[in-house]
Amino acid sequence: MRIPFIAGNWKMYKTQAEAEAFANEFVKLYSGTDVRAAICAPFTDLRYLVDAFRGTGIGVGAQNVHYEDEGAFTGEISADMLSEIGVDFCIVGHSERRQYFAETNETVNLKVKKLLEKGIAPIMCVGESLEQRDSGELYDFVRTQLEEGLAGVEKDDLPKIVIAYEPIWAIGTGRTATPEQAEDMCAFIRNTLIEIYDEESADEVIIQYGGSVKPANATEIMNQVEIDGALVGGASLKAEDFMAIIDF
Ligand code: 13P
């Protein structure tokens, strides 16, 4: 049984004071739901959010990590630093990091393996551009992202990984994939995982859809069989909107 999991990706929004205001409101709204929820926040908010969400069931995630344990990597953050303060999740391979910060399938793979080693659940993002969709390359592209991103990951570790399908053309554009398009690719992702691993472990993997998810379209997206959750950008910045999505 896959429990629905809705994660917010705050991207580069919210100072700690703003995170505090959100947490105060959100903790009151969240009690009593059986959908899992997490907020993936900027590094500077993480320690505060871990404290604020303690005992509520709300998870906390980072948005990036370095794949080495430590070293002369100015500006980077290690998995140990995240795990010591109690971070549960970490987004890897978001298309914005692939586009602006030269993230590749190879570095995504190193990060996924490091996070698993340190007990943090990776939320690994995949998804095609509009050109790739229009030219029919979308399936090959996403398959390669999965194969290379998960290379060397053991079968027993697969269920610890969350896969987020985020078509690049639907991110921050207001242009959501139709529920059929999202379901189709999430089913393709699950089938690819079955091919790489086996049905038993692939069946346990939470597959999220991300891209312009908002309260108005959350129900039809979450009602799809192969979609187990959502990775929510803009609409996770307001506690009320994020809660409305969790309440889909
Ligand atoms: P939006 O929900 O703002 O489109 O962002 C999606 C996203 O990139 C989540 O990681």
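Residues numbered from 1 in each chain as written. Predicted model: local features only at pLDDT ≥ 70, side-chain atom pairs only at ≥ 80, totals over all residues. Heavy atoms only, no water.

J.: How should I be thinking about the layout of surface pockets in this particular structure?
T.: One way to see where empty space is left: roll a probe the size of a water molecule over the atoms. There is about 470 Å³ of room inside the largest pocket. K11, M12, Q63, R97 and F101 are, among the 14 residues lining the largest pocket, the residues nearest its centre. By residue number, the principal contributor to the lining of the largest pocket is helix α4 (residues 95–100), which donates 3 residues. Split by residue class, the lining of the largest pocket holds 7 nonpolar, 4 polar and 3 charged. Of the voids in this model, the second largest pocket is the one considered here, and its volume is about 280 Å³. Along the walls of the second largest pocket sit 20 residues, with G172, S212, G233, G234 and A235 positioned nearest its centre. Its residues assigned to classes, the lining of the second largest pocket shows 8 nonpolar, 9 polar and 3 charged. (1 Å grid on protein atoms, 1.4 Å probe; cavity = no way out; pocket = protein on both sides within 12 Å on 5 of 7 lines; lining within 4 Å. Points joined across faces, edges and corners; volume = space filled by probe spheres on them. Helix = DSSP H or I, 4+ residues; strand = E, 2+ residues; numbered from the N terminus. Nonpolar A, V, L, I, M, F, W, Y, C, P; charged D, E, K, R; others polar.)

J.: What exactly am I supposed to notice about the side chain of Q132 here?
T.: If you trace the backbone, Q132 turns up in helix α6 (residues 130–134). Among the polar contacts listed, one links the side chain of Q132 to the backbone nitrogen of S129, at a separation of 2.8 Å. Aside from chain neighbours lying at most four places away, what touches Q132 is E137, L138 and F141. (Polar contact = N/O pair within 3.5 Å; in protein donor to acceptor, adjacent residues only side chain to side chain. Contact = heavy atoms within 4.5 Å.)

J.: I tried to follow the site of the ligand on my own but got confused; where do I start?
T.: What surrounds the ligand is the set N9, K11, H94, E166, A170, I171, G172, G211, S212, L231, G233 and G234. Residue S212 places a main-chain N or O atom 2.8 Å away from an oxygen atom belonging to the ligand. When the free accessible area of the ligand is taken as 310 Å², the share hidden by the protein chains comes to 94%. For the shell around the ligand, the per-class residue count stands at 3 nonpolar, 7 polar and 2 charged. (Near = heavy atom within 4 Å. Areas by Shrake-Rupley, 256 points an atom, 1.4 Å probe, with all protein chains shown as cover.)

J.: Just checking my understanding: could you explain a negative patch on the surface for this structure?
T.: A surface patch of negative charge is lined by E199, E200, D203 and E204. If you trace the backbone, D203 turns up in helix α9 (residues 199–203). (Patch = residues over 30% accessible without salt bridge, like charges linked within 9 Å, V, L, I, M, F, W, Y side chains within 5 Å. Salt bridge = Lys/Arg side-chain N within 4 Å of Asp/Glu carboxyl O. Lys, Arg positive; Asp, Glu negative; His and termini not counted. Charge placed at Lys NZ, Arg CZ, Asp CG, Glu CD.)

J.: Looking at this model, I keep getting lost on helix α11 (residues 239–246). Mind explaining?
T.: The periodicity of an α-helix, 3.6 residues per turn, causes residues three or four places apart in sequence to face the same way. Among the residues making up α11, those that are buried are A239, F242, M243, I245 and I246. The buried residues of α11 all sit within an arc of 155 degrees when viewed along its axis, so they share a single face. The inward-facing, buried residues of α11 contact β1 (5–9), α1 (16–30), β2 (36–40), α10 (215–222) and β8 (229–232). (Buried < 20%, exposed > 50% of the residue type's maximum accessible area, 1.4 Å probe, protein only. Arc of directions from axis to C-beta.)

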